[in-house]
Amino acid sequence: MKKIVEAMAYLDDEYIKEADPDKAVPSKRIRAGLASIWTASVACVAAIVLMIVFVLTPHVYTAEEIGRCFGATNGIATNAYEKIYVPSSEYLNIGEVEYSEYIPIYIREIQKNVKHNDEEIISFTSGILSRFFKEAENLSDEEIGAVTDKVLYDYFKEKGIEYEGASKATPSTEDYAETILPVPTDEKTEEDNEDEKTPRYEDYDFYISQGVSNSIYITRTSNADVSEPIILGDVRIEVDQMKNDKELVEDLAKIKEKLFEIFGESFSDIYIDRYYDGGSKCGVGNLRITFYNAHPLDRYVIQDGMIKPLSSYVEINFDEPYGKDLSEKTEDFLTDATIRYVERRVDAEDLVKEVTKAKMITLAEAEEYLKKGYVFGGHSCPICMSMQEAVDFEDYDYVQIVNFNFRDSKEGIAKEYLPFYAFYKHIDTYESGKLVYGVTYVPAIEVKGYEEYFENQKERHPTT
């Protein structure tokens, strides 16, 4: 086309006149200009077509890339499945499977242009610690100021910045903070500690950070008696691990209200995640509660069992009672809590970036891969894989869509979040009543190189 248009500029005027005697003949110079315009137009149209084709062509991942979601690199395969331990099937939190022809693939965007703001982090920390200690310890303003200065002093010291303290008249240093703070627990007499049954301020550690978010961790020190909960006013930060999620939500009403007051927030949604290991026959190993505001993009970037909402959020993380025998059912409340508050500094849409689209496969197609043993699951320890008993997942009990993100083999950084069909099969029941499920994963998107990948792994992979 381009050559034809260009050639028209060089046609002899006589030939054109002869073809149509009554029509005026444009000069060669004008025809050359028109040719240039035509050429540019054709080039633009071609570029647009190429862009459309590029955008609409879904990316196809390789089986090797999929393996990286589970730590399988350098030719090492994954387990055929992993085990999940729950008191009953409702704790699997099975969601509905929604099908769409294409799935957008996102990464969490690294914000390099978000500037640090010293005044902002000082205000953030001071306000929270002031409200926290007035509820937890009823400290004086002077004591709260000293604790706050100490936390900020440590934060700025790591950054190589000299922190002058909340009061310019009395610059804060380590020595200054230590002289203002009350005597630490280990230096008090037995008489001083006799009536103290709740944690004191020195039982806490505080960690603050600033980036795309301002965040603060409130955790207990190694010397703290974690058998006693954090007490904020008349609210005990503890949960009964034996209650189901619906019951927990009801019990958390007062805790939620108190934390919202301290952090100056209010969230409408709650996510409860429990982790049970094989060692404890009944008790929970970890229970995490997250208060947040759900966002439509959450579904694409929340990894299975690792909720990091795109909104600001408050999280309470409970660990199992240290030294407790969890081989039998226990009514013990979980009291060893870490509280985290994350205040987003950028909009949710700026925290993630769509990098491509992938064609989704149907559940029926995923079941065919399941039959062939083209599945992924768990870590990639060769010894564990060789010891893993085979499980027939063809008559699975439940299925849902979950996300995992893979890491770049060279850079070692988290990459795209990819969707998987998660198939659950009940494989054992403990005497205590706790259920053991096997769960295996099939990519919910088109993947190439399955046969070659699993042929190379069949000696290690029990299902191939």
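Report on the accompanying structure. All values derive from a computational prediction rather than experimental measurement. In this convention, every chain numbers its residues from 1, walking through the sequence in written order. Local features in this predicted model are restricted to residues whose pLDDT is 70 or higher, and side-chain atom pairs enter the listing and the counts only when it is 80 or higher, whereas totals over whole chains, interfaces and linings include all residues. Side-chain metrics in this entry use all non-hydrogen atoms of the structure; hydrogen atoms and water are not considered.

### Looking at the overall build of the protein chain
Where helices and strands are cited, they refer to DSSP runs of H or I of at least four residues and of E of at least two residues respectively, numbered from the N terminus. Scanning the protein chain from N- to C-terminus turns up 14 helices and 18 strands. Burial classes: relative accessible area under 20% of the type maximum marks a residue as buried, over 50% as exposed, and values in between as partly exposed (1.4 Å probe, protein chains only). When the 464 residues of the protein chain are sorted by exposure, 43% land in the buried category. Working rule for contacts: check all heavy atoms of both residues, and any pair within 4.5 Å makes them a contact. Expressed as a percentage of contacts within the protein chain between residues at least 6 apart in sequence, the contacts between residues at least 24 apart total 70%. Of the roughly 26000 Å² of accessible surface on the protein chain, 50% is carried by carbon and sulfur atoms. In short, Shrake-Rupley with a 1.4 Å probe defines the accessible areas, and a residue's cover is counted only from the protein chains shown.

### Thoughts on the sheet that holds strand β10 (residues 286–292)
In sheet architecture, strand pairing relies on hydrogen bonds along the backbone and comes in two forms, parallel and antiparallel. One bridge is not enough; two strands pair if DSSP finds at least two bridges between them. Taken in spatial order, the six strands make up an open sheet running β4-β5-β13-β11-β10-β9, and their pairing is antiparallel. Each edge of the open sheet carries a strand with a single partner, namely β4 (204–210) and β9 (269–275). When strand polarity is set aside, the average angle formed by the axes of neighbouring strands in this sheet is 15°. In this sheet, strand β11 (residues 313–319) lies alongside β10 in antiparallel orientation, the contact comprising seven bridges. Opposite I289, over in β11, you have I316 as the bridge partner. Interaxial angles span 0 to 180 degrees and are taken between N-to-C directions of axes, which are lines fitted to C-alpha atoms, for helices over the stretch in contact. Its contacts with the sheet place helix α10 (residues 253–263) against β5 (213–220), β10, β11 and β13 (336–344), and it is angled at close to 125° to β11.

### Structural notes on the packing of aromatic side chains
When two rings of Phe, Tyr or Trp (its six-membered ring) have centres within 6.5 Å they constitute a pair, described as stacked for plane angles under 30 degrees, edge-to-face for angles over 60, and tilted for the intermediate range. Summed over all chains, the structure comprises 29 aromatic pairs. A centroid spacing of 6.2 Å and a plane angle of 50° characterise the contact between Y398 and Y437, whose relative ring orientation is tilted. Taken as a pair, Y398 in strand β15 (residues 398–407) and Y437 in strand β17 (residues 435–443) lie far apart in primary sequence, 39 residues in all. Overall, Y437 belongs to the buried group, its relative accessible area being 4%. Ring geometry for F404 and Y441: centres 4.9 Å apart, planes at 80°, overall edge-to-face. Here F404 is found in strand β15, whereas its partner Y441 is found in strand β17, with 37 residues between them in sequence. For the pair F404 and Y441, one class covers both residues: buried. Clustering of aromatic rings is evident, with ring pairs tying together Y369, Y374, F376, Y450, Y453 and F454.

### So, the packing of helix α5 (residues 118–136) against helix α6 (residues 141–158)
Each pair of packed helices can be summarised by the angle the axes make with each other and by the distance between the axes. Contact pair α5 / α6: the axes reach a minimum separation of 9 Å and the direction vectors enclose 140°. In terms of orientation, α5 lies oblique with respect to α6. Like other packed secondary-structure pairs, α5 and α6 cross with a definite hand, here right-handed. The segment α5 lies against α6, with D118, I121, I122, T125, S126, L129, S130, F133 and K134 engaging D141, I144, V147, T148, V151, L152, Y155 and F156. When an angle is under 35 degrees it counts as roughly parallel; over 145 it counts as roughly antiparallel; between 65 and 115 it counts as roughly perpendicular; any other value is oblique. When the near helix sits turned anticlockwise from the far one by under a right angle, the crossing is termed left-handed; a clockwise turn instead gives a right-handed crossing.

### Points about the pattern of salt bridges
Salt bridge, as used here: a side-chain nitrogen of Lys or Arg that lies within 4 Å of a carboxyl oxygen of Asp or Glu. Applying the stated criterion to the full structure yields 15 salt bridges. When the shortest N-O distance is used, the salt bridge between K150 and D154 registers 3.0 Å. With K150 and D154 both in helix α6 and four residues apart, this pair spans about one turn of that helix. We classify K150 as partly exposed; its relative accessible area is 21%. Residue D154 is classed as partly exposed on the basis of its relative accessible area, which comes to 31%. Here E261 and K258 are joined by a salt bridge, their closest N and O atoms 4.0 Å apart. In this pair, E261 and K258 both sit in helix α10, three residues apart, roughly one turn of the helix. Since its relative accessible area comes to 44%, E261 is described here as partly exposed. Judged by relative accessible area, K258 falls into the buried class, the value being 11%. The structure contains a network of salt bridges with shared partners spanning E135, K258 and E261.

Spatial relationships are all this shows, so hold off on functional conclusions.
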